[in-house]
Amino acid sequence: MEKLDIPGMSSPIEGDPKPIGRKRVGKDETFDEMEEEITINHEDCEHVLVVALPRKGKDSTITSLCGNLKDEHGYKWFSCLDDGRNETPMTAIPNDEKPIKDNLDDFGQEPKAYDAEVFVPATSGVPDTLPSNFTRFTINIADLTPMDVIRLAGLKSADSNTMRRIGQALSNTIEDNDGVEGLVERLKDYAEELEATITVTELRDDEFDENDQGDRELKDAERVEADPSVREVSYEMDADKALNDAAESLLMLAGEGLIAGPNAETNLDMDAVFRDQERVAVLNCNFLKPRNESLKYIVLNMWLRLIFRKRDENSRLPRALLEIRELKDIAPSVIGNAQYKQEVKALQATVYEIATRGGSRRIMMLGSTQKLNDVYKAVRTNMPLKILLQLGEEEVMTLDKAYNFSPRQKEQLTSFNVGWGMLVKDGGEHWPINWRGARCGLGLGDEHWRDRYAVAWGAHVFKGRGSGWISEHKDKEAYVNTRTGYVKPIDPDADDFPDDGEWHLFLDEIWSTVPVSMSREQFDQQTQLPTQFCEATVDYRREHDIPSNLSLTRNRDTASRELSLENKDEKMDEEKRRVLDENNVPKPLESWIGKAKKGMRSNMLQVLDAVMRADPEEVRTLDGIAEVSGVPKGTIGRWRSERHDFATCLERRGESWEITKVGHRALDINWTKLDRLVG
């Protein structure tokens, strides 16, 4: 048997394309015949699904394909789903597994680290110290559509009226440069405004006559208008619950650190991410606290929607490549098995849309799974390219129903060595193929992800007592923390060792690597070295080229932000109190200030003004107030029962409603001025 290289995804590039697989070729087969047969086309962005038993190479294979599409065909690589072990950030380091390194050597290739930016939601639970290629992000409300807001509220859909109001709230919030709180207030205002009473006057059929021209005309109009028997039907519309749910969801997500106003520095710019074509965008939601675990699916849904929308709006952006490990987690065949059914169902709908419409938007999806039937049927049937690695007998039987394998193929599928498999495309099966392994790192269950970052970056890492660190380095004088530059003596007798996971170098390594303009004695007496010394030393010790900056960085944003906000709030509170006192604003009415409060405040003032001007006999009941003010009775009643601010403005005296001193003051205040000063 001979071997034939599969020259990567088809589409010629300058120079020699790097092969992604080899197929054994019989001596009676020609290379020309086989090369055409096993070409993998990517021009139409047909989706790829890799199926295999655990640890048989499925994630290695899709990562290898992603690297090929990025390097040789200009795709923007989005790594979208991690199983919780921080495997996807390994894209930033070269592969360090000996079997895969041997596999790459067979292909004449070497391990490769990709320039990767790892995006983590800026929620609570994110560690203070992370590698420098990790970026905390929030979702800008300016990037939300009305349907996004509905999905965030956990709803499938909403009526057109609700969607219009959400769109108007988003538009006004962005136009006024307000934050999430402003959007929430608008949504709540619009929810209340939907309550209305509609009176319909129905005319009887016999009240119309036909004239000489055949047209219908009202008969005896004066009598009809005066006739008390003409029916009036009243309808009362409930407040829009969908808007209230959306407002509460947005407020919760903002509190958790996921949604932010237009001016937040952490806002994700998906257009810029797209254009940064050379860098892999890795979404990582593994630092969410247990109470926020369901947010992982919401965040991923937002990412996929933004990617789809950006590529749909601008065809000049690079083609998008979505790497999704364990596709069944977000597009399961049985929703009932999902832990967070509501969030997963919404995400499944998004994945289905990409599976069916992504190709025309030049979005290609590469997924992996252990069992084909675990993936939602409507998704898996729209992934025409299947790569089958080693499978269990039960899975082979399942696939045989669709592909009618020969006995030899069935036997081969259950006995493939790791990395070997079959390509199913265009109704044919091509096998056995030795697939190229991933050039970048993959997850390892017995080694912490950050420890692997340290080694790849060129630092040492303390892996705890019992790791042999003490006996191996007891002859060293001191070690240096790579992030801070602090020098710490090594003294086994004093039981003074690095913290678990601490990145460090040894003083002798720095001295021998970095030329310093000081004597050895002076150098040894330093308690803190410039971090540039550490950077130069790890660069010297590094085995492979690492395009991303993996050095550890402490996130000072949180602490400094809390301090600055606290000082700023104190200053603003003082200024606000001064303005409120100067304008004699009653305490209950302080919550009325702000552009976002303008709509509801205007309606409340309309009621107060109408009551003040009305005859007492006209406002004996809430029905009367509704009639003179034009504001629905239900809304006025709810304000009275639920809002202390409004209740202090209107009270019942004797048999009629009257406005109080607070109500009179509310009508006298220049609210526009207050909005400008402190709103």
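Look above for the structure.
Every value quoted in this text rests on a predicted model; they were computed, and no experiment measured them.

(A) Quick look at helix α19 (residues 531-541). Listing the buried residues of α19 in full gives Phe533, Cys534, Thr537 and Val538. Looking straight down α19, one finds its buried side chains confined to an arc of 125°; they lie on one side. What points out from α19, more than 90 degrees from its buried face, is the exposed set Gln532 and Tyr540. Buried-residue contacts for α19 involve α15 (449-457), β21 (478-481), β23 (503-506), α17 (507-513) and α18 (520-524).

(B) Summary view of the pattern of salt bridges. If you walk through the whole model with that rule in mind, you get 43 salt bridges. The shortest N-O distance in the salt bridge between Glu97 and Arg55 comes to 4.0 Å. Taken together, the residues span a long stretch of sequence, with Glu97 in the loop between β4 (76-81) and α3 (98-106) and Arg55 in the loop between β3 (48-51) and α2 (58-73) at a distance of 42 residues. By relative accessible area, Arg55 is classed as exposed at 61%. The salt bridge partner of Asp102 is Lys98, with a shortest N-O separation of 2.9 Å. In this pair, Asp102 and Lys98 both sit in helix α3, four residues apart, roughly one turn of the helix. On the accessibility criterion, Asp102 (39% relative accessible area) is partly exposed. Judged by relative accessible area, which is 59%, Lys98 ranks as exposed. Counted as one network, the salt bridges with shared partners bring together Lys70, Asp71, Lys112 and Glu278.

What counts and how
- Residues numbered from 1 in each chain as written.
- Predicted model: local features only at pLDDT ≥ 70, side-chain atom pairs only at ≥ 80, totals over all residues.
- Heavy atoms only, no water.
- Buried < 20%, exposed > 50% of the residue type's maximum accessible area, 1.4 Å probe, protein only.
- Helix = DSSP H or I, 4+ residues; strand = E, 2+ residues; numbered from the N terminus.
- Arc of directions from axis to C-beta.
- Contact = heavy atoms within 4.5 Å.
- Salt bridge = Lys/Arg side-chain N within 4 Å of Asp/Glu carboxyl O.

It is worth stressing that arrangement in space is one thing and function is another; only the former is reported here.
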